[in-house]
Amino acid sequence: MPILETKELSYVYGQGTPFEKTAVDHVSIAIDEGEFVGVIGHTGSGKSTLVQHLNGLIQPTSGTVLVDGRDIWAEPKKIRSVRFEVGLCFQYPEHQLFAETVYKDIAFGPQNMGLNEDEVNNRVKSAAQFVSLKPELLEKSPFDLSGGEKRRAAIAGVLAMEPKVLILDEPTAGLDPKGRDVILGQIREYQKERGSTVLLVSHSMEDVARVSSKVLVMNESKCAMYGTVDQVFTRASELAGMGLNIPQVTRIFLGLKARGYDVNTCVYTARQG
Ligand code: ADP
């Protein structure tokens, strides 16, 4: 049984107004436990709207979201508990740091789960260690941290809840290449060690190809592809037709070809485009 599933999931912003926009259109996906899923698609294809449904932050206009086989909206009063099972880290999560100290910020989620003080303490320390935040930083104000440290502190706040499913929406946006590699490496380590299911939304297909076991492609509010890295990236011409970054797609495609994957020949059209 998949850990995460959507069935004919649709979402319309501003329904019934002149600004009506279908952001997610009949998306049905099934994600197995332990997968590392990269979510790609051009800007505005519906990635953020889709992932915000998976922990109940947005209620579907129609269709269902199932976590561990359970419809998360079957009992709307229990929706909060889904947020502990499916942790969502937004874009620019450091904008949500608010507590007096980094420690208190990371502790906020586990405290809300009703864990005792010792367990909260363990969770904070282990999450901080995962993202390589030095222990002395825990007593500082989050506003005194560097940009990269703030980002890592915000991610630690989600890791500390030890969610079964971890969703990160562009976790490396705005970081320099070194900061990007550090965070991606930490997420990969976390996933390997915990065996948790991870969804990573990224505009960098190279990052996605590097760390993911599966790739989900959103295009014009629909799920256009879901498969392994080679299954998706060997359909290079289709990806290029979806407005994705052609040089990136081509590099990944050629890398797969060099490793002996069976690829379609249409990539040359993509290369010329
Ligand atoms: P992505 O994450 O792939 O860039 P989004 O899910 O953010 O895509 O957006 C999908 C579509 O929904 C876009 O056309 C976007 O303009 C629209 N949209 C996103 N958020 C809102 C909102 N709060 N109100 C109205 N339209 C929105």
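Note that the coordinates shown come from a computational prediction; the quantities given were computed from them, not determined experimentally.

The rules behind each value
- Every chain is numbered independently, its residues counted from 1 as its sequence is written.
- pLDDT decides what is reported in this predicted model: residues at 70 or higher carry local features, side-chain atom pairs at 80 or more are listed and counted, and totals for whole chains, interfaces and linings draw on all residues regardless.
- Water and hydrogen atoms were dropped before computing side-chain values, which therefore reflect all heavy atoms in the structure.
- What counts as a helix is a DSSP run of H or I of at least four residues, what counts as a strand is a run of E of at least two, and both are numbered from the N terminus.
- In what follows, residue pairs with any heavy atoms lying within 4.5 Å of each other are defined as contacts.
- Asp and Glu are treated as the negative residues and Lys and Arg as the positive ones, with His and the ends of the chain left uncounted.
- Charged side chains are reduced to one point each, which is NZ for Lys, CZ for Arg, CG for Asp and CD for Glu.
- Whether a residue is near a molecule or strand depends on its heavy atoms: it is near if one of them lies within 4 Å of it.
- Two N or O atoms count as a polar contact when they lie within 3.5 Å, although within protein this holds only if one can serve as hydrogen donor and the other as acceptor, and sequence-adjacent residues are included solely when both atoms are side-chain atoms.
- Polarity classes work like this: nonpolar for Ala, Val, Leu, Ile, Met, Phe, Trp, Tyr, Cys and Pro, charged for Asp, Glu, Lys and Arg, and polar for all others, with Gly in that last group.
- Multiplying one less than the number of residues by 1.5 Å gives the expected span of a helix.
- Throughout, exposure labels follow a simple rule: accessible area from a 1.4 Å probe, protein chains only, divided by the maximum for the residue type, with under 20% read as buried, over 50% as exposed, and the rest as partly exposed.
- Buried Ala, Val, Leu, Ile, Met, Phe, Trp, Tyr and Cys residues form a nonpolar core when they are joined through side-chain atoms within 4.5 Å.
- We treat two strands as partners when DSSP finds at least two bridges between them.
- Fitted lines through C-alpha atoms serve as axes, helices being fitted only where they are in contact, and the angles separating the N-to-C directions of these axes extend from 0 to 180 degrees.

S.K.: With reference to specific residues and values, describe the overall build of the chain.
M.R.: A count of helical and extended segments in the chain gives eleven helices and ten strands. Based on the C-alpha atoms only, the size of the chain along its principal axes is roughly 60 × 45 × 40 Å. Pairs at least 24 apart in sequence give 67% of the contacts found in the chain among residues at least 6 apart. Computed over 30 positive and 34 negative side-chain charges, the inter-centroid distance for the chain is 3 Å.

S.K.: How would you sum up the site of the ligand? Please name residues and give values.
M.R.: Around the ligand sit Tyr13, Lys21, Ala23, His42, Thr43, Gly44, Ser45, Gly46, Lys47, Ser48 and Thr49, and those are all the residues in its vicinity. Between the ligand and Lys47, the relevant distance is 2.8 Å, taken from an oxygen atom to a side-chain nitrogen or oxygen of the residue. In the model, an oxygen atom of the ligand is placed 2.5 Å from a nitrogen or oxygen of the Thr49 side chain. Mapped onto the shell around the ligand, the elements with two or more residues apiece are β2 (21-31) and α1 (47-53). The biggest single contributor to the shell around the ligand is α1, with three residues. Tallied by class, the residues present in the shell around the ligand amount to two nonpolar, seven polar and two charged.

S.K.: Report on helix α4 (residues 117-130), specifying residues and quantitative values.
M.R.: Compared with an ideal rise of 1.5 Å per residue, which puts 14 residues at 20 Å, α4 spans 20 Å between its outermost C-alpha atoms and is within 8% of the ideal. For α4, the elements touching its buried residues are α3 (102-112), α5 (147-159) and α6 (177-194). Among the residues of α4, the N-terminal cap falls to Asn116, whose side-chain oxygen and the backbone nitrogen of Asp118 are separated by 3.1 Å. Directly after α4, the chain includes Ser132, whose backbone phi takes a positive value near 55°.

S.K.: Before we move on, could you go through unusual backbone geometry and cite the residues and values that matter?
M.R.: A positive phi angle, close to 50°, is found at Glu8, a residue other than glycine. As for its position among the elements, Glu8 is in strand β1 (residues 4-13). For Glu8, a relative accessible area of 43% corresponds to the partly exposed category. The phi torsion at Glu170 lies on the positive side, around 50°, for a residue other than glycine. With respect to the element layout, Glu170 can be found in the loop between β7 (165-169) and α6.

S.K.: Let's hear about the side chain of Asp105: which residues, and what values?
M.R.: Structurally, the position occupied by Asp105 is in helix α3. With residues up to four places along the chain from it excluded, the contact list for Asp105 reads Leu97, Phe98, Ala99 and Pro142.

S.K.: Lay out the nonpolar core with the relevant residues and their values.
M.R.: Among the nonpolar cores identified, the biggest contains 33 residues, and Ile106, Leu133, Leu159 and Leu168 are the most heavily contacted of them. Secondary-structure elements contributing two or more residues to this core are α3, α4, α5, β7, α6 and β8 (197-201). The dominant element in this core, judged by the number of residues it contributes, is α5, at six residues. Dropping the residues within four chain positions of it, Leu168 is found in contact with Cys89, Ile155, Ile187, Val198, Leu199, Leu200 and Val201. Counting residues in each nonpolar core, the second largest holds 28 residues, with Val67, Ile72, Val165 and Val201 among its members.

S.K.: Break down the sheet that holds strand β3 (residues 36-40) for me, citing the residues and quoting the values.
M.R.: If you trace the six strands from one edge of the open sheet to the other, you get β6-β7-β8-β3-β9-β10, paired in mixed fashion. Bordering the open sheet on either side are β6 (86-89) and β10 (222-228), each of which pairs with just one other strand. The mean angle between the axes of side-by-side strands here comes to 15°, regardless of whether they run parallel or antiparallel. In this structure, β3 lies alongside β8, joined through four bridges in parallel fashion. The residue of β8 that forms the bridge with Val37 is Leu199. This element, α5, spans β6 and β7 of the sheet and lies at about 170° to β6.

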